[in-house]
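Residues per chain are reported as follows:
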Amino acid sequence: MHTYAYGFPRLGKNKEFKKHIEDFWEKKITEKELISLLNEVEKERISYYKSHVDTFPLGEFTYYDNIFDTALIFGIYRFKNFDEYFAYARGRYALELKKYFNTNYHYLVPSVSSKAKFRLRWNKPLFYFNTFFSFRGNPLFLVGPYTFLKLSRVKENFDKAFVELCRAYKELFVELEKQNVDSLHIEEPAFCLNLPQKEIDLIVKNYKKMLTPKLNVNLMTYYESVDFLDALYELPVYGLGLDFIAGEQNIKILRKKGFPKDKKLICGIIDGRSVQRAHILHKAQFLDSIKKAAKIKETNIILANSCPLYHLPVTLEGETSTESYIKRRMSFAKEKLYELHLLKEVVAGRGDEATTWSKAVNKTIVHSQPGTFDTLSIKEREFLKRKNLQQKNLRLPFFPTTTIGSFPQDKELRKARLAYRKGRLSIGDYDRFIRDKITKLIGVEEDIGLDVLVHGEFERTDMVEFFAQKLNGFLTTENGWIISYGTRVYRPPIIYARIKRDAALTVKEIYYAQSITPKPMKGIFTGPITILAWSYNLRNEPLHEIAFELARALNQEAKELIKKDIKIIQIDEPAMKEFAPLKKEKRDSYFRWAVRAFNLTSQLAPTTQIHTHMCYSDFEGIIKWILKMNFDVITIETAREQAKILDAFKGVKFHRAIGPGVWDIHSQCPAQEKTIRRILNKSIKIFGARNVWVNPDCGLKTRKMPEVETSLKRIVKVANTYRKKFKKSK
Ligand code: GLN
Ligand code: ZN
């Protein structure tokens with residue numbers, strides 16, 4: 001059996017990718033040097049494939065993001081040099097970032113106008129074909145046209161754009177054929193969404209036209225199963241890649257529909273998103289059942305990873321201090337390649353190595369099949385009663401002003417943190433340093449005139465890792481970096497044992513902050529779903545159980561904060577929506593347990609005001625679940641897209657308050673009074689003047705202090721004028 005891997009991380013073992021690109025941004029190296037250094041990074045990345053698997057795509061590498069590159073290949077944007085290239089990614093023309101399907105990788109969102117003409121403008125695949133010529137014979141990588149367009153912002157007429165885009169792809173294929181390219185690797189994860197029949201027909205019709213007979217195409221799908229698999233059987237492709245891990249329906253579809261004899265089945269069987277080590281013998285059995293379901297010959301099966309490997313860190317070798325009994329249950333990207341090799345060996349009758357590898361791995365995989373959980377939601381009218389109780393406690397003006405939590409983290413802070421970590425700064429001195437930052441910030445917040453204050457989150461590096469380091473049951477890594485977007489990296493923690501809270505997480509800093517101001521201080525922490533979504537998981541238990549454990553630990557934290565006189569608790573859940581399953585039919589079951597986990601966390605006396613924060617600009621299809629979450633105030637992203645998210649609340653019973661973000665902190669500009677007023681006016685119409693808070697879109701961690709002050713002052717100023725204007729309204 002052949003092995004085939006794809007999506008190996010481009011970051012490099014020591015984050016070389018990040019280093020070179022950032023050096024280029026800082027003008028420490030020239031464009032020529034950048035290209036040659038990144039070619040080295042790519043060479044090394046390929047060498048991982050070379051030493052473990054038979055086939056891999058060529059040209060997967062990108063200097064920022066492959067969706068963006070596809071827009072450049074087909075002329076939606078043009079660039080003459082890499083300064084211009086990066087101007088779209090992060091500079092003058094910066095495109096919006098969005099999460100790639102249900103992952104935490106962000107891609108750049110291209111805008112396709114109705115006048116867009118797709119023409120082959122940059123033959124990127126050919127560049128890799130020529131630069132890495134010794135690896136010819138491997139298929140050339142491309143993002144598929146359907147996925148590209150689905151992820152883009154298409155102004156109008158999707159169908160027409162798709163037809164034209166396929167024509168441009170064909171132009172590329174013809175060009176590649178002329179250069180003796182003989183095979184392609186085309187990724188179409190968007191085939192795993194719930195597609196309307198009309199679009200399925202569109203895909204089949206245009207793919208047939210687009211593909212040329214001489215090119216062997218491997219059509220790859222991942223992150224879920226493909227509902228219209230048999231329609232794809234009609235396409236003249238060489239191989240069809242399916243995800244048998246996240247798409248557990250795929251095997252059932254094969255059982256029903258079989259598989260064509262003239263195609264290869266690329267079996268995504270090694271999990272590309274989990275750090276759990278594979279039990280190879282168990283995988284071999286699974287493979288056997290796939291073979292039986294599809295009723296195909298062994299020679300028509302290719303072994304592969306289930307989805308791109310860049311959701312994992314490069315290699316476990318970087319983890320020197322993780323205890324070996326845990327490491328024996330883990331694998332990162334490089335180890336996944338090795339697992340493919342081992343599986344091939346087992347199929348060929350050589351199983352010794354695989355047995356050793358799998359020794360510590362639990363054989364039985366528990367699939368999360370949550371029953372129907374009670375979400376523990378309280379009745380909407382209860383929120384009116386709570387509002388009165390809380391108001392007695394808080395005595396806030398209307399149009400209360402606040403921020404989302406974090407404040408700029410400057411060089412001085414990063415230096416102190418590093419010194420503390422390296423042992424050059426004692427814990428006492430570090431604590432004092434943080435206290436000073438908090439004291440100063442509170443002075444600034446009071447001067448600006450904010451009503452509800454925050455302590456600034458200076459002690460937190462990352463909103464998940466910080467909690468993982470304090471809770472029992474988590475492991476944090478030394479070098480487990482993955483790319484979030486561009487050159488931005490983070491290290492997801494790993495859940496490996498029962499989660500318990502033995503010590504306070506946030507109390508020290510927040511209690512101190514409250515003790516030095518008469519204004520209410522928010523007690524802010526990350527919610528259970530976001531912690532779960534942004535961590536890896538080594539435990540062989542249903543996800544919802546782990547979410548409930550987290551919820552209980554966080555609820556204890558909230559209770560302790562309340563004991564220390566904190567009157568407002570904010571539970572951040574930016575991942576609530578992203579973590580939802582891709583397939584519509586699975587979402588209700590997910591939201592039922594996810595909302596329950598949130599509500600377990602927020603189960604507190606009604607006198608405590610519960611806030612939640614989410615950062616995305618639409619609630620499409622999920623508003624009913626948002627309303628089942630027990631919070632009194634929600635702050636959301638509204639500054640972009642004409643505050644369209646607020647429309648989701650029209651006509652629904654909602655007796656709570658909302659803080660529409662009036663300043664888009666992801667843009668380079670300070671808050672504009674006009675925008676603030678526009679968003680407030682719209683909010684007042686929907687929620688009433690007594691139910692609107694005034695705050696930025698999101699945390700301020702990545703901004704600079706002077707612009708933050710300017711913006712917050714404007715926010716407070718506008719809020720004051722609205723107070724006067726709406727004095728008499730109810
Ligand atoms: N409280 C967090 C902060 O302000 C929220 C971050 C987020 O929404 N991603 O940084
Ligand atoms: Zn946010």
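Residues numbered from 1 in each chain as written. Chains lettered and ligands numbered in written order. Predicted model: local features only at pLDDT ≥ 70, side-chain atom pairs only at ≥ 80, totals over all residues. Heavy atoms only, no water.

**So, the sheet that holds strand S12 (residues 472-475)**
Here comes step 1: The strand order across the open sheet built from three strands is S12-S15-S17, with neighbouring strands paired in mixed fashion. If you trace the sheet from one side to the other, it starts and ends with S12 and strand S17 (536-537), each paired once.
Here comes step 2: Sheet analysis places S12 next to strand S15 (residues 494-500), joined by three bridges and oriented antiparallel. Pairing of Asn472 across the sheet is with Lys500, part of S15.
Here comes step 3: The strands touched by helix H21 (residues 543-563) are S12, S15 and S17; relative to S15, the strand with the most contacts, the crossing angle is about 50 degrees. (Pairing = 2+ DSSP bridges. Helix = DSSP H or I, 4+ residues; strand = E, 2+ residues; numbered from the N terminus. Contact = heavy atoms within 4.5 Å. Axes fitted to C-alpha atoms, helices over the stretch in contact; angles between N-to-C directions.)

**Focus on empty space enclosed by the protein**
Think of a ball as big as a water molecule: rolled over the atoms, this probe shows where empty space is left.
Here comes step 1: What the rule picks out here adds up to three cavities of 30 Å³ or more.
Here comes step 2: The calculated volume of the largest cavity comes to roughly 200 Å³.
Here comes step 3: As for the largest cavity, its lining consists of 18 residues, of which Arg10, Glu60, Asn66, Phe141 and Tyr310 are closest to the centre.
Here comes step 4: Elements with a contribution of two residues or more to the lining of the largest cavity: helix H3 (66-73) and strand S5 (140-143).
Here comes step 5: Of the residues assigned to the lining of the largest cavity, the class counts are ten nonpolar, three polar and five charged.
Here comes step 6: Each pocket or cavity is described by its volume, and for the second largest cavity that value is around 70 Å³.
Here comes step 7: What lines the second largest cavity is Pro9, Arg10, Leu11, Tyr105, Tyr310, Leu312, Trp481, Ile482 and Ile483. (1 Å grid on protein atoms, 1.4 Å probe; cavity = no way out; pocket = protein on both sides within 12 Å on 5 of 7 lines; lining within 4 Å. Points joined across faces, edges and corners; volume = space filled by probe spheres on them. Nonpolar A, V, L, I, M, F, W, Y, C, P; charged D, E, K, R; others polar.)

**Section: the pairing of strand S7 (residues 183-187)**
Both faces of the sheet carry side chains from a regular strand, because those side chains alternate between them.
Here comes step 1: Taken across its five residues, S7 has five buried, putting it largely inside the fold.
Here comes step 2: The side-chain alternation of S7 yields two buried faces, one formed by Ser183, His185 and Glu187 and the other by Leu184 and Ile186.
Here comes step 3: Across four bridges, the pairing between S5 and S7 is parallel. Across the sheet, the residue bridging to Phe141 is His185, located in S7.
Here comes step 4: Across five bridges, the pairing between S7 and strand S8 (residues 216-220) is parallel. If you follow Ser183 over to S8, its bridge partner there is Asn216.
Here comes step 5: Regarding the hand of the β-α-β motif, the stretch spanning S7, helix H8 (residues 197-210) and S8 is right-handed. (Buried < 20%, exposed > 50% of the residue type's maximum accessible area, 1.4 Å probe, protein only. Right-handed = clockwise from strand over helix to strand, strands pointing away.)

**Some details on the nonpolar core**
Here comes step 1: Grouped together as the largest cluster of nonpolar side chains are 148 residues, with contacts concentrated most on Phe86, Phe173, Leu254 and Leu265.
Here comes step 2: For this core, the leading source of residues is helix H7 (residues 158-178), giving ten residues.
Here comes step 3: With residues up to four places along the chain from it excluded, the contact list for Phe86 reads Ile21, Phe24, Trp25, Leu34, Tyr63, Tyr64 and Gly91.
Here comes step 4: Judged by nonpolar contacts, the second largest core, of 103 residues, contains Ala416, Ile499, Ala558 and Ala639. (Core = buried A, V, L, I, M, F, W, Y, C linked by side-chain atoms within 4.5 Å.)

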